[in-house]
Amino acid sequence: MCNCYRACGADFEGTVSMVGGARGLTSEEVKEILSRIKEEHGTEAEYLEMKKNLPSNFPL
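Criteria and thresholds
Sequence order as written defines residue numbering, which begins from 1 separately in each chain. Thresholds applied to this predicted model are a pLDDT of at least 70 for local features of residues and 80 or more for the giving and counting of side-chain atom pairs; totals over whole chains, interfaces and linings are not thresholded and use all residues. With hydrogens and water set aside, each side-chain value is computed from the structure's full complement of heavy atoms. A run of H or I in DSSP becomes a helix once it reaches four residues, and a run of E becomes a strand once it reaches two; helices and strands are each numbered from the N terminus. C-alpha atoms define the radius of gyration in this analysis, and the globule rule sets the expected value at 2.2 Å times the number of residues to the power 0.38. Residue burial is assigned from relative accessible area. The probe radius is 1.4 Å, only protein chains are included, and a residue is buried under 20% of its type maximum, exposed over 50%, and partly exposed in between. Two residues form a contact once any of their heavy atoms are found within 4.5 Å. The protein chains shown are the only cover counted for residues, whose accessible areas, like all others here, come from Shrake-Rupley with a 1.4 Å probe. This count recognises Lys and Arg as positive and Asp and Glu as negative, with His and chain-terminal groups excluded. One atom stands in for each charge, and that atom is NZ of Lys, CZ of Arg, CG of Asp or CD of Glu. For helices, the fitted line uses only the C-alpha atoms of the stretch in contact; every axis is such a line through C-alpha atoms, and the angle between N-to-C directions lies from 0 to 180 degrees. Oblique is the label for any angle not covered by the other classes, which are roughly parallel (under 35 degrees), roughly antiparallel (over 145) and roughly perpendicular (65 to 115). Amino acids outside the nonpolar list (Ala, Val, Leu, Ile, Met, Phe, Trp, Tyr, Cys, Pro) and the charged list (Asp, Glu, Lys, Arg) are all regarded as polar, and Gly is one of them.

Within the chain one finds four helices and zero strands. Taken from the N to the C terminus, the helices and strands of the chain come in the order α-α-α-α. Computed over the C-alpha atoms, the radius of gyration of the chain is 11 Å, within 12% of the 10 Å expected from 2.2 N^0.38 for a compact globule of 60 residues. With the C-alpha coordinates of the chain rotated into their principal frame, the extents come out at 30 × 20 × 15 Å. Within the chain, the proportion of its 60 residues that are buried is 23%. Partitioning the intrachain contacts of the chain with sequence separation of at least 6 by distance along the chain shows that 37% fall at a separation of at least 24. Split by element, the accessible area of the chain, about 4,200 Å² in all, is 51% carbon and sulfur. The centroid of the 7 positive side-chain charges in the chain is displaced by 5 Å from the centroid of its 10 negative side-chain charges.

And the structure:
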């Protein structure tokens, strides 16, 4: 997400779409994966550090 966001500067939906297109996934599949990552790792330092590289309005 961070790399795609930096490359395009799109909003959340645009970045999710770009990630999905690059990975052969739908936007919904990407959101499910991001949600699972947040649920499993949302309090870990590495996750929080990466999250800082995204706009605060990105929900995942």
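Here the focus is the packing of helix α2 (residues 12–23) against helix α3 (residues 27–41). The interhelical angle for the contact between α2 and α3, taken along N-to-C directions, is 100 degrees, at an axis separation of 8 Å. Classified by the interaxial angle, the pair formed by α2 and α3 is roughly perpendicular. On α3, the residues that touch Phe12, Glu13, Val16, Ser17, Val19 and Gly20 of α2 are Ser27, Val30, Lys31 and Leu34. Tallied by class, residues from the contact of α2 with α3 come to five nonpolar, three polar and two charged.

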